[in-house]
Amino acid sequence: MKFTWIYEEETPVLLRTYLKHLTLPNSFIKWIKREGRFMINDEPVTVRYQIQKGDQLDILCPLERGHDTVIPTFEPIDVVYEDDHLLIVNKPAGIISIPSIKDPKSSMANRIKGYYVQQDYDNQVIHIVTRLDRQTSGLMLIAKHRLAHAWLDRQILQGTLDRVYTGISSRGVWPKVGMIDAPVGRDEVSIITRRVTPTGKPAQTSYRLLQELKDSALLEFKLHTGRTHQIRVHTQHMGGPLVGDDLYGGPVLYPLTRQGLHCSLIRLIHPFTQETLEVTIPLAEDMVQWIQLHQIRNGV
């Protein structure tokens, strides 16, 4: 893969200075030094080269052929958005995001690797930027190469990459809007669950009430931090664990036999065009069915 920039400043600078100006991660620059190549006007150079106005910088990256530990599988994936740098897919509930020892080939990463193989892409490393719990459905963001991954991770740290979730709480009455600011840490009695605890890490989730339902409520959540199970823990803390989330005390009732949580929107600054990219996806069918079955009609 090749990335190209034109140097437009009047004052010449060392290439290493210009690379910092481009906010290229140090790890990426070191990788190119080892395995790639810096080119100025089609000639190989080092970072000590003095770049002049009008010079064309090409960075030639080695192919990312992928890890043998991610086994490609060929179940279809629902591609919602794709370009040369990004892939956004709609993950069904019941599938883990990345392989594990117990599940080495049934994750979304395995399916995406199979998709890359079928498309015969040069780069086949699976750079997952936003993961979802096994039973959470909705949008997952994947970078298609190392530089996109680094720049998207930076957006997450800076708070400029938004993830909006839609969830169904078992608590029927919520304020119209609010912020849950409660630290989340490990549960002393389980290696899986988390809980609100003064010794936990800061965690903030803002919410908006979308619709009151019978003995439940449809809410929109925006994460301001990224703690494990954050929305699930915060709704439990507020007295309304997600419907279907038996791990955190939510009622498991037809048709929601998994936690009613869906990543419905991802918004980011495209790292290469600098334009705002917003991708949305409708609710999963089981959540739609719950809403239809629990709508409040005529005040009843």
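Residues numbered from 1 in each chain as written. Predicted model: local features only at pLDDT ≥ 70, side-chain atom pairs only at ≥ 80, totals over all residues. Heavy atoms only, no water.

- As named in an unreviewed UniProt entry, the protein is Pseudouridine synthase, taken from Dolosicoccus paucivorans.
- According to the UniProt record, the Sequence similarities (unreviewed entry) comment for the protein reads "Belongs to the pseudouridine synthase RluA family."
- Recorded under Catalytic activity (unreviewed entry), the UniProt text for the protein is reproduced unchanged: "a uridine in RNA = a pseudouridine in RNA". (UniProt positions renumbered as here; feature names shortened; annotations may be inferred.)

With respect to helix α2 (residues 26-35)
Here's step 1: All of the buried residues in α2 are F28, I29, W31 and I32. For α2, the angular spread of the buried residues around the axis is 160 degrees, confining them to a single face. Among the exposed residues of α2, those pointing more than 90 degrees away from its buried face are N26, K30, K33 and R34.
Here's step 2: Structurally, α2 contributes buried residues whose contacts are with β1 (2-6), α1 (15-21), β3 (37-40), β6 (56-60) and α4 (146-158). (Buried < 20%, exposed > 50% of the residue type's maximum accessible area, 1.4 Å probe, protein only. Helix = DSSP H or I, 4+ residues; strand = E, 2+ residues; numbered from the N terminus. Arc of directions from axis to C-beta. Contact = heavy atoms within 4.5 Å.)

Regarding the domain arrangement of the protein
Here's step 1: Domain assignment breaks the protein into domain 1 (2-60) and domain 2 (78-294).
Here's step 2: For domain 1 and domain 2, the distance between their C-alpha centres works out to 37 Å.
Here's step 3: Contacts between domain 1 and domain 2 engage nine residues on the former and eight residues on the latter.
Here's step 4: Roughly 690 Å² is buried in total at the junction of domain 1 and domain 2, and carbon and sulfur atoms are behind 71% of that figure.
Here's step 5: The largest per-residue losses of area from domain 1 upon contact with domain 2 belong to F3, P25 and W31, which jointly make up 54% of the total buried on that side.
Here's step 6: The interface formed by domain 1 and domain 2 holds zero salt bridges in total.
Here's step 7: Applying the counting rule to domain 1 against domain 2 returns two residue pairs in polar contact (both at pLDDT 80 or more).
Here's step 8: Looking at the side of domain 1 that touches domain 2, the elements with two or more residues in it are β1 and α2.
Here's step 9: With three residues, α2 is the single largest residue contributor to the side of domain 1 that touches domain 2. (Domains from an automatic or database assignment. Buried area = accessible area lost by both parts, 1.4 Å probe. Salt bridge = Lys/Arg side-chain N within 4 Å of Asp/Glu carboxyl O. Polar contact = N/O pair within 3.5 Å; in protein donor to acceptor, adjacent residues only side chain to side chain.)

Quick look at the pattern of salt bridges
Here's step 1: For the structure on display, the rule yields 12 salt bridges.
Here's step 2: Across the pair E82 and K144 runs a salt bridge, and its minimum N-O distance is 2.8 Å. Here the residue E82 occupies a position in strand β7 (residues 78-82), and K144 occupies one in the loop between β10 (137-143) and α4, the gap between them amounting to 62 residues.
Here's step 3: Overall, the relative accessible area of 26% leaves E82 in the partly exposed class.
Here's step 4: Overall, K144 belongs to the buried group, its relative accessible area being 10%.
Here's step 5: We note a salt bridge from D162 to K222, for which the minimum N-O separation is 3.4 Å. Pair noted here: D162 is in strand β11 (residues 162-169) and K222 is in strand β16 (residues 216-223), with a separation of 60 residues, a long-range link.
Here's step 6: In this structure, a network of salt bridges that share partners links the residues D162, K222, R267 and E278.

Considering the sheet that holds β1
Here's step 1: The sheet built from four strands is open, its strands ordered β1-β6-β3-β4 with antiparallel pairing. The sheet terminates laterally at β1 and β4 (43-45), the two strands that pair on one side only. On average, each strand axis in the sheet is tilted by 30 degrees relative to the strand beside it, whichever way the strands run.
Here's step 2: Taken together, the three bridges between β3 and β4 define a ladder with antiparallel strand orientation. If you follow M39 over to β4, its bridge partner there is P44.
Here's step 3: Against the sheet, α2 engages β1, β3 and β6, with an angle of about 85 degrees to β3. (Pairing = 2+ DSSP bridges. Axes fitted to C-alpha atoms, helices over the stretch in contact; angles between N-to-C directions.)

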